[in-house]
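Geometric and topological summary
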Amino acid sequence: MMARYDTVLPRSADSLQVADLRLPGFAGQIGARLYRPAAAAGSLPGVLYFHGGGFVAGDLDEADPIARSLAATIPAAVLSVAYSLAPAHPFPAAPEDAHAAALWLHAQAATYGIDATRLACAGHDAGATLAAALTLMARDRLGPPLVAQALVGPMLDPSLTRLDHRAGPAEPQPDTCARCYSQYLPRVAERLHPYATPLESLRLAGLPPALIATGAHDRLRCEAEHYGSALINAGVATQVTRYAAGHAELPAHPALRADLAAFLRHHLWPAANLFPDSPTFQSLKTERTS
């Protein structure tokens, strides 16, 4: 769950402009890194990306490969956010940081050549949970508007009742997950809060279209697919795709990266007709064997 990604794109190969920033957060300033294709002309859509690490670890460097990949292939301006970590900053610090970063990106969009009407969010592991929580917060707080969410191997079940116990020893272990949740959600009552556990939310209608990527070997697969079913039942256009990968392997999986970029491109470039071959995403479940 806290493994670093193995695939790192050469820093000169993707021709990106990269800037480290400081943003206002829940408990103080937080770090962020903005990626933008150097050759892009005009306004670009924006993607907020949240790294993994079980709510207690992870950083901008860990998220660097996939953030670069998304910026170059969508194309988009990608804001990777270093949200507050537990146990120093338990819930609600991390989701509040995510919402603060989204508000900042929306307010500062013109300054960085970003179209504030075309914003999406994405993440892996705990970061995917924060992306899901952000869509709930943005809906409930009337902004900022988000047009899509992409959740890669999200951690969604503090009760640990939906773990796939057939997963191998390399996958997140139940005791490791329990320690992460105990530090992030030390007060048991908060484990039912929808911003902490979107899986427990009874109000999922009105959320942006979702892509949920799971790993066939991932111990967290069942809870992610359960959330996908809940979104579909709530009328949210949702694609749930299972890949031949484990939890830590998901962000670097080639087919997943291609599908992730295509999904976000489809929703972030809806009227430009620049990508006529983009698929139409509807509420469905698929399985990738590659």
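Rules behind the numbers
- Residues numbered from 1 in each chain as written.
- Predicted model: local features only at pLDDT ≥ 70, side-chain atom pairs only at ≥ 80, totals over all residues.
- Heavy atoms only, no water.
- Helix = DSSP H or I, 4+ residues; strand = E, 2+ residues; numbered from the N terminus.
- Contact = heavy atoms within 4.5 Å.
- Areas by Shrake-Rupley, 256 points an atom, 1.4 Å probe, with all protein chains shown as cover.
- Salt bridge = Lys/Arg side-chain N within 4 Å of Asp/Glu carboxyl O.
- Buried < 20%, exposed > 50% of the residue type's maximum accessible area, 1.4 Å probe, protein only.
- Core = buried A, V, L, I, M, F, W, Y, C linked by side-chain atoms within 4.5 Å.
- Expected span 1.5 Å × (residues − 1).
- Bend = angle between axes of the 7 residues up to and from the residue.
- Polar contact = N/O pair within 3.5 Å; in protein donor to acceptor, adjacent residues only side chain to side chain.
- Axes fitted to C-alpha atoms, helices over the stretch in contact; angles between N-to-C directions.
- Parallel < 35°, antiparallel > 145°, perpendicular 65-115°, else oblique.
- Left-handed = near helix turned anticlockwise from the far one by under 90°.
- Nonpolar A, V, L, I, M, F, W, Y, C, P; charged D, E, K, R; others polar.
- Phe/Tyr/Trp six-rings, centres within 6.5 Å; stacked < 30°, edge-to-face > 60°.
- Lys NZ or Arg CZ within 6 Å of the ring centre and 35° of its normal.

**A look at the overall build of the protein**
What the protein contains, in helices and strands, is six helices and nine strands. Of the contacts formed within the protein by residues at least 6 apart in sequence, a portion of 78% connects residues at least 24 apart. Accessible surface, the protein: about 11200 Å² in total, of which carbon and sulfur atoms supply 55%.

**With respect to the pattern of salt bridges**
Opposite charge on two side chains allows them to pair when their charged atoms are near. This structure, assessed with the given rule, holds twelve salt bridges. The shortest N-O distance in the salt bridge between Asp61 and Arg33 comes to 3.1 Å. Here Asp61 is found in helix 1 (residues 60–73), whereas its partner Arg33 is found in strand 2 (residues 29–37), with 28 residues between them in sequence. Taking relative accessible area as the criterion, Asp61 reaches 43% and is therefore assigned partly exposed. Look at Arg33 and you get buried, because its relative accessible area is 11%. Salt bridges sharing common partners tie together Asp20, Arg33, Asp61, Asp64 and Arg68.

**Quick look at the environment of Arg203**
Along the chain, Arg203 turns up in the loop between helix 4 (174–184) and strand 7 (210–215). Each C-alpha atom of the pair Arg203 and Ala234 lies 8.0 Å from the other, and the pair is 31 residues apart in sequence. The contact partners of Arg203, leaving out residues within four places of it in the chain, are Leu136, Arg139 and Asp140.

**Examining the nonpolar core**
If you look at soluble globular proteins, the nonpolar side chains tend to sit buried side by side. Leu23, Leu48, Phe50, Leu79, Tyr184, Tyr227 and Leu231 are the most contacted members of the largest nonpolar core, which totals 58 residues. Not counting the four nearest positions on each side in its chain, Leu23 is found in contact with Gly28, Gln29, Ile30, Ala32, Leu79, Ala101 and Trp104. Leu16, Ile74, Leu211 and Phe263 belong to the second-largest nonpolar core, a separate cluster that totals 31 residues.

**Examining helix 1**
With 14 residues, helix 1 extends 19 Å from end C-alpha to end C-alpha; this agrees with the ideal 20 Å at 1.5 Å per step. Of all bends in helix 1, the biggest is about 35°, found at Ile66. The buried fraction of helix 1 is high, at eleven of 14 residues. For helix 1, the full list of buried residues reads Leu60, Glu62, Ala63, Asp64, Pro65, Ile66, Ala67, Arg68, Ser69, Leu70 and Ala71. If you follow the buried residues of helix 1, they end up packed against strand 1 (16–24), strand 2, strand 3 (44–50), strand 4 (77–82) and helix 6 (254–268). Where helix 1 begins, one side-chain oxygen reaches toward the backbone nitrogen of Asp61, 3.2 Å away; that side chain belongs to Asp59.

**Focus on the packing of helix 1 against helix 6**
The interhelical angle for the contact between helix 1 and helix 6, taken along N-to-C directions, is 50°, at an axis separation of 10 Å. By the angle class used here, helix 1 and helix 6 are oblique. The handedness of the crossing between helix 1 and helix 6 is right-handed. When helix 1 is examined against helix 6, the residues Pro65, Ile66, Ser69, Leu70 and Thr73 are found in contact with a partner set consisting of Arg257, Leu260, Ala261, Leu264 and Arg265. Taken together, the residues that form the contact of helix 1 with helix 6 break down as six nonpolar, two polar and two charged.

**A short note on the packing of aromatic side chains**
Within the structure shown, the criterion is met by four aromatic pairs. Summarising the aromatic geometry, the rings of Phe55 and Tyr181 are spaced 6.1 Å apart at their centres and angled 40° between planes, so their arrangement reads as tilted. Within this pair, whereas Phe55 is found in the loop between strand 3 and helix 1, its partner Tyr181 is found in helix 4, the two being separated by 126 residues in sequence. Comparing Phe55 with Tyr181 shows no difference in burial state: the two are buried. Ring geometry for Trp104 against Tyr112: centres 5.5 Å apart, planes inclined by 45°, an arrangement best described as tilted. According to the relative accessible area criterion, Trp104 is buried, its value standing at 14%. Judged by relative accessible area, Tyr112 falls into the partly exposed class, the value being 27%. Following the ring pairs from residue to residue traces out a cluster consisting of Phe55, Phe91, Tyr181 and Tyr184. One cation-aromatic arrangement involves Arg118 over Trp269; the distance from NZ or CZ to the ring centre is 4.6 Å.

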